[in-house]
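# Topology and contacts: notes
Listed below, chain by chain, are the residues.
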Amino acid sequence: MKCSTIHRKKFLVRPAIVSLAAAVTLGAAAGCAKSEDDASNTPEASAPAAEAGQKVASPRPGGKGCTIEAYGGEKTDLKDATIGFSQSEKEANPFRIAETESIKDEAEKRGLKLLTANAQSQFSKQISDVQDLLAKGADLLVIAPLNSDGWEPVLRAAAAKKVPIVTIDRKINATPCKDYVSFIASDFVEQGRRAADQMIEATGGKGKVAILLGSAGNNVTTERTKGFKDRIAEKAPDLEIVFEQTGDFAREKGQQVTEQLIQSQPGITGIYAENDEMGLGAVGALKGAGKKPGDIKIITIDGTRNAVQGIVDGWIHGVIESNPRFGPLAFETLDSFTRGEEVAQDIVIQDGAYDTKNAKQDIGKAY
Ligand code: GZL
């Protein structure tokens, strides 16, 4: 993704918490190579492309603020700091590629010193990666966690050095404004609900549905599953969930599980894949079984280019975006925090969506 300029917009979240600098709006890209996705990168399904200036994030309603006084640490200018970025999964999944690119683009745009590490989807390596970043002198950390639990050793080491942490994407089970400053992520329950709405629309609310679950041990899988199931129960009682198995967010496993699925459930109507890579694996399995586009309705989450192309080609019915472009928000939050401003502990990044009505025109915004 090309870099884009954001205009920081201070706004009053609640009279009690002022100058939270967490809502950032997309401005017209300035000083960056123009591309069709600069003006907006959060497409809404069958909605007009977002105009420049659309808000791409906001504090979670009811969330609290965090200040450097409350957290502990020294005010500093981000330009004088070294920031460590810990990525969880290997850069094979376009979600991770786009996420890392967003962090690197923003650090480069701001002229910041960035150290990076990739845990190759191994949690023990992510723990040692973060400890290594601290040893190399990181003054601030941005972490994209693989798992939600097991972070204590890192939190203790960072606290001992008074190194503030911002977590992006998946949630760690720890205390905001004590163990980490802010958590910036999509609303994954809402993603599940929106996927259910697309599945209901695709199937007419009747039939049998399978879920390709994400990997275990993180809130994304739990929340996308909860959102989907709750919505189906609420809106489509005649849509029966007859199968659920993890594909570990991986294309190959998604294909293997789907091959088993169509053997054990030959009458399956729809497949809800909790990420695009598994959804594309499912497409491979259906092709291998001689199915035709649209025989089985697939709904996925992420917003990768290959999956949106799958909508254009008829194999996938809908894609809910999981926006990986955390760079501007993460550094905006760190910048405000280190300058002594109050930042939101919990920031929700906005997600778009793709369906048969907007996939062709909006595919340029996919990653
Ligand atoms: C969601 C992120 C998930 C993606 C998958 O924000 O944690 O992890 O949806 C990735 O593609 O594996």
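See the structure shown above.
Residues numbered from 1 in each chain as written. Predicted model: local features only at pLDDT ≥ 70, side-chain atom pairs only at ≥ 80, totals over all residues. Heavy atoms only, no water.

### So, the overall build of the protein chain
- Per the secondary structure count, the protein chain includes 11 helices and 17 strands.
- Sorting the 367 residues of the protein chain into buried and exposed places 58% on the buried side.
- Within the protein chain, contacts between residues separated by at least 24 positions form 75% of all contacts whose residues are at least 6 apart in sequence.
- About 14,300 Å² of surface is accessible on the protein chain, with carbon and sulfur atoms providing 50% of the total. (Helix = DSSP H or I, 4+ residues; strand = E, 2+ residues; numbered from the N terminus. Buried < 20%, exposed > 50% of the residue type's maximum accessible area, 1.4 Å probe, protein only. Contact = heavy atoms within 4.5 Å. Areas by Shrake-Rupley, 256 points an atom, 1.4 Å probe, with all protein chains shown as cover.)

### Observations concerning the environment of K171
- On the secondary structure map, K171 appears in the loop between β8 (165–168) and β9 (182–185).
- Judged by relative accessible area, which is 27%, K171 ranks as partly exposed.
- On a C-alpha basis, the gap between K171 and A185 in space is 8.0 Å, while along the polypeptide they are 14 residues apart.
- Engagement of the side chain of K171 in a polar contact is seen with the side chain of Y180, the distance being 3.5 Å. (Polar contact = N/O pair within 3.5 Å; in protein donor to acceptor, adjacent residues only side chain to side chain.)

### A few points about the environment of T82
- Position of T82 relative to the elements: it lies in strand β5 (residues 82–87).
- Setting aside residues no more than four positions away along its own chain, T82 makes contact with K113, L115, G137, A138, D139 and L140.

### Let's talk about unusual backbone geometry
- Residues other than glycine seldom take positive phi values, yet Q120 does so here, at roughly 50°.
- Position of Q120 relative to the elements: it lies in the loop between β6 (113–118) and α3 (123–135).
- The phi torsion at K162 lies on the positive side, around 50°, for a residue other than glycine.
- Tracing the chain through its elements places K162 in the loop between α4 (152–160) and β8.

### Quick look at the site of the ligand
- Neighbouring the ligand are 13 residues, the closest being E89, N93, D169, R170 and D302.
- Contact distances for the ligand include 2.6 Å between an oxygen atom and a side-chain N or O atom of E89.
- Measuring from an oxygen atom of the ligand, one finds a side-chain N or O atom of R96 at 3.1 Å.
- For the ligand, whose unbound accessible area comes to 320 Å², protein coverage reaches 100%.
- Elements supplying a minimum of two residues to the shell around the ligand: α2 (94–110) and α6 (219–235). (Near = heavy atom within 4 Å.)

Geometric values such as these leave the question of function open.
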